[in-house]
Amino acid sequence: MKKRIFARLTCLLCLFLSSNLAALSATTPWYTNTVSMQSPDGRMELRFMLVDGCPQYALYRDGKPVVLPSKMGFTLEWRDDLAHAFVLKDLERSTFDEVWQPVWGEEANIRNHYNEMLVTLEQPAGVVTSADGRSKTLPTVMQIRFRLYDDGLGFRYEFPMRHNGVDNALVCFWFKEELTQFVMTDDHTAWWIPGDYDTQEFNYTKSRLSEVRELHDSSHTDGGWPWKSFSDTGLQTALQMKTDDGLYINIHEAATLDFPTMHLDLTWNEDAFYLRAHLCPDAAGYKGRMQAPCHTPWRTVMVCDKATDVLRSRLILNLNEPCALEDVSWIHPVKYMGVWWEMISGKSTWNYTNDFPSVKLGETDFEHATPNGTHGANNANVRRYIDFAAKHGFDALLIEGWNIGWEDWYGKQKDFVFDFLSPYPDFDLPALNKYAHEKGIRLIMHHESSASTVNYERWMEKAYTLMNLYGYDAVKSGYVGTIIPFAEGHYSQPINNHYHYAIVEAAKHHIMVNAHEAVRPTGLCRTWPNMIGNESAMGTEFRERIHPGHTAILPFTRLQGGPMDYTPGIFEPDMGKIVPWGKKMSHTICNQLGLYVTFYSPLQMAADFPEHYEPYLDAFQFIKDVAVDWDTSIYLYAEPGDYIVTARKPKVSSLNKAADGVGKLPDGKKGVISGAARFVLAIPDTLQPIYAIPGDTTSILYPDYGAFEPLDTWFVGGITDENAREVSVKLDFLEKGKSYDAVIYADAPNACGLPNDAHLPYNPYAYTITNQKVTSKSTLKLKMAPCGGFAVSIRERK
Ligand code: NOJ
Ligand code: CA
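In short, a report on the structure. (Residues numbered from 1 in each chain as written. Chains lettered and ligands numbered in written order. Predicted model: local features only at pLDDT ≥ 70, side-chain atom pairs only at ≥ 80, totals over all residues. Heavy atoms only, no water.)

**Things to note about the environment of Asp618**
- Structurally, the position occupied by Asp618 is in helix α12 (residues 617-625).
- Classification of Asp618 as partly exposed rests on a relative accessible area of 42%.
- Separated by 151 residues in the primary sequence, Asp618 and Ile769 place their C-alpha atoms 8.0 Å from one another.
- Asp618 has contacts with Tyr745, Tyr767 and Ile769, leaving out every residue within four places of it along the chain.
- Of note is the side chain of Asp618, whose polar atom sits 2.6 Å from the side chain of Tyr767. (Helix = DSSP H or I, 4+ residues; strand = E, 2+ residues; numbered from the N terminus. Buried < 20%, exposed > 50% of the residue type's maximum accessible area, 1.4 Å probe, protein only. Contact = heavy atoms within 4.5 Å. Polar contact = N/O pair within 3.5 Å; in protein donor to acceptor, adjacent residues only side chain to side chain.)

**A few points about the packing of helix α8 (residues 453-470) against helix α9 (residues 493-508)**
- The geometry of α8 relative to α9 is characterised by a closest axis approach of 11 Å and an angle of 5 degrees between their N-to-C directions. If you check the angle between α8 and α9, you find them roughly parallel. Contacts from Thr453, Tyr456, Glu457, Met460, Glu461 and Tyr464 of α8 reach α9 at Ile495, His498, Tyr501, Ala502, Glu505 and Ala506.
- When the residues that make up the contact of α8 with α9 are grouped by side-chain class, the tally is 7 nonpolar, 2 polar and 3 charged. (Axes fitted to C-alpha atoms, helices over the stretch in contact; angles between N-to-C directions. Parallel < 35°, antiparallel > 145°, perpendicular 65-115°, else oblique. Nonpolar A, V, L, I, M, F, W, Y, C, P; charged D, E, K, R; others polar.)

**A word on the packing of helix α10 (residues 589-598) against α12**
- At a minimum axis distance of 10 Å, the contact between α10 and α12 shows a crossing angle of 10 degrees. With respect to α12, the axis of α10 lies roughly parallel. On α12, the residues that touch Ile589, Leu593, Tyr596 and Val597 of α10 are Ala619, Phe622 and Ile623.
- Its residues assigned to classes, the contact of α10 with α12 comprises 7 nonpolar, no polar and no charged.

**Some words on the pattern of salt bridges**
- Counted according to the given criterion, the structure contains 44 salt bridges.
- The salt bridge partner of Asp62 is Arg43, with a shortest N-O separation of 2.7 Å. Of the two residues, Asp62 sits in the loop between β4 (54-61) and β5 (64-71) while Arg43 sits in the loop between β2 (35-38) and β3 (44-51), which places them 19 residues apart along the sequence.
- According to the relative accessible area criterion, Arg43 is partly exposed, its value standing at 27%.
- Note that Glu253 and Arg520 form a salt bridge whose closest N and O atoms lie 2.8 Å from each other. With Glu253 in strand β19 (residues 248-254) and Arg520 in the loop between β29 (512-516) and β30 (531-534), this pair connects stretches of sequence that are 267 residues apart. Across the pair, exposure class does not vary: Glu253 and Arg520 are buried alike.
- A cluster of three or more residues bridged by salt bridges with shared partners is formed by Glu116, Arg145, Arg147, Arg156 and Glu158. (Salt bridge = Lys/Arg side-chain N within 4 Å of Asp/Glu carboxyl O.)

Following this line, the structure appears as C-alpha cells:
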C-alpha cells in the first residue's frame, strides 16, 4: 500500500501569504499568519510562520500547545545567518501511507503514515552578504520539510542546488550553530543524561527541567570516560519528558548522516523552558560542513498519551530511508555468548603478557613473551565456551583480547594501537573458527579501535578481508578513549562519518556490525540493517554502578534510535564472588530473564560465564528458548524508570537463519537447530541431527526442521526498579479457542535484587518456575521483587 498526494500552492499565493505574514506580524496575533498541517488522525497540528523573516514552528495536540513558537535556522561562517530576512516562496503538501517490512525488528510490518509540508524560504538576492559574493546576484534558498505523524513530528532543513531554475547562493557553507528551538510550555519532568561530546554512558537523572542545572554535576558521576561537557544545562537526546497532564514528549533526531549529533541546551524564564539544538563541533569548532544539494537529519518531537505508546512508536525508523542493500540474505539475528564478562569482571585479562609496558606493532615480539596466565582468549577457554554455546543452541561466540596490542591499549592515546589482524600466540584463529563452525557456531570478531579512527580506517579493508577468509560475519567494534585525530569528539561530523563508513564497508564484505562507544543511533539500521547493534549508553559492563530502573528508561530513550547491545543475562550478580573488589549488582536472575523481552535487540547476549549458568540451567532454559526477532510486539505496561511489561511473538522466518548460515560454510555443521527454533517447533534437545556418514555433516539425514510445524508462541517479560510490584497480565492476545502451555519464571517471595534493601536481604538467586495451562481468557498475576522481574514462555499445545 503506497500513496502520495501532492498539492502545490502557486507562487502567487505564496507571495501573497509571505507579504501578508510581514504585514500582519506587528498588529495581529501570530497564529493568523501561519501555514499549518494536521496529522492523519487530526489530533496533532503543526504551524509554521515567519516572524519578521525568522522561521518558527509550533506543535499542538488536541488544540493544546506541546511546543510553543520555536525559532529555526542557523548561524554560518563568513556569511549572514539563515535566521532572518526570509520570505515564503513556495509551499508543497503531500500525504504518504505505506507498510514496510524491516529485515529484523520488533514487528514484521511497520506503517509509515504522515502528512508532509515542504516550505521553501528565500533570502532575496542582495539582502544578505556572503564571502563568495554569490548572494549579490542569487537568492539564498532554505527549505524545511515537515512530516506530521499521529505520534509526532519530524522536520529537517534542505538546501537545493537550485530552485525554480535559479541557482541557490548556498553551495559550500559551514554551520557555526543550529538555532532550532523546542520551547516547552512548562517545567516538565525529564529523564536525562548530561550533554557530552564523548560519552553517553551515564545513569539517567529524573528531575524537573528547572532542576537540571543543580543536578548536572552529579549526573556525571558513575559514568563513562572521557567526558566533555559543554554547558551546565546541556542534555542529550533522546530526551524523554512527561507533562503534569500525563503527556509523554520525546525529543530526538533521525537519520544523522554526514552531520554532527544534536544535543540540547536548556534555558528558562517565567514564560517557558527553551531547549535549543547544540551540535557537537569538530576539531576546528564547525558544526556541519555542507555542500548543496544537502539536508540535515530530522529533528523529532514524539508526543504520546501513554508511556506504552512511546515504546510502540516507529517515528525514528519511519523517518529513515528504506534499506540501501539489495541483498540482505546474509543478515540475521544473533543470540550469542562471549569470552567477555571474564575481562569485565576482572577474572581474566585482555592482554596476553605482562612483559611489555609499551607495545610497538611489528616490533614487539609476542612469540617469545611470557604468558601472564590470565589471558581469557586462549584456545582452551575459547573451546570451552564454544562447547557450551553449541550445546545450548546459541548462534555465536564473541572473543575479545584475541589480537596483539592490549598491553598498552588504554588511555595512552596511541595512534598505531592495534592492527586487527595479528592473533596472540595462544589464539589459533583458523583452528578455532573451524572448531566453532563444526559445532554450528560462528565466532564474532572484535575490533577495539581504542578511538583511533584513523588507525582503524588504515586496517579496515584488510581486517574485513581476514574475517571473510575465516567465515566471521559479525564484528563488535569499540571506540574507548580520546578520539584520534586529536580534538575530535565522539559525535562530530567527521567521526559520525567514520562510524558510517565502517558500516558501509562492512556491508560490502557481508559483515554485520555492533559498535560500542559510537554515536547513539538515529534509526539508520532501517537503511543499513547490517548495523545489528550498538552500545552507546550505559550497559551491563558498568555492573554495580547501574542504578535500579536504568533498563526501564533505556527503551524510552536510547532504544528509540535502534537496538542496544546491553549484554544481559548475569546470573551471578554478586561480583565479590569473582574478585575481591567486586560489588553487588542490582538485579535478580528473573530481572535478567525479563530483559530478553522488554529490551529489543536482534543481537542478544547471554553475558555470564558457563559456570554461572550451570547451577541454574532450569532458569537458563528461558534464554535458550527466547527469540530475538519478532513478528508482533505488545507493550502492556510501562512507566519510564519504573517498570516495563512486554509481550512478543517470534518471527518464524528468521528463527534458524544464523544456524542455516553456518551450515553453508565449507566447514560448517549442517542441520543445526537453534534454541529458539527448537522451542517454537517443539523439537526436544534430545533430537539431534543424524548423518548418513558419521562425522560428515554434509550427509544430513534428519531432522529437516522445515518439516516441523511452528506452534503459536509468545514470550512475556517484565522488569521493575527498586520497588517490588505485582502485575496482572491478560493473555487476550492469544488465539481464541486454543490451549497453551505457559512456563512462568518468577522471583520467589524471598528474592531481592537490591543490595541494602530496607526489608529484604539481598537474594538475587531465588526464583520459581511453574507450568500452567492457559488460554486467551487467562490472566497471570506476576510478582516482581525489588530490582526483579519475570519471564513467561507460552506455546500452543500440539
Ligand atoms: C568497552 C566496551 O563497551 C566493552 O564491551 C569492551 O569489552 C571494552 N570496551 C574493550 O573493548
Ligand atoms: Ca562501553
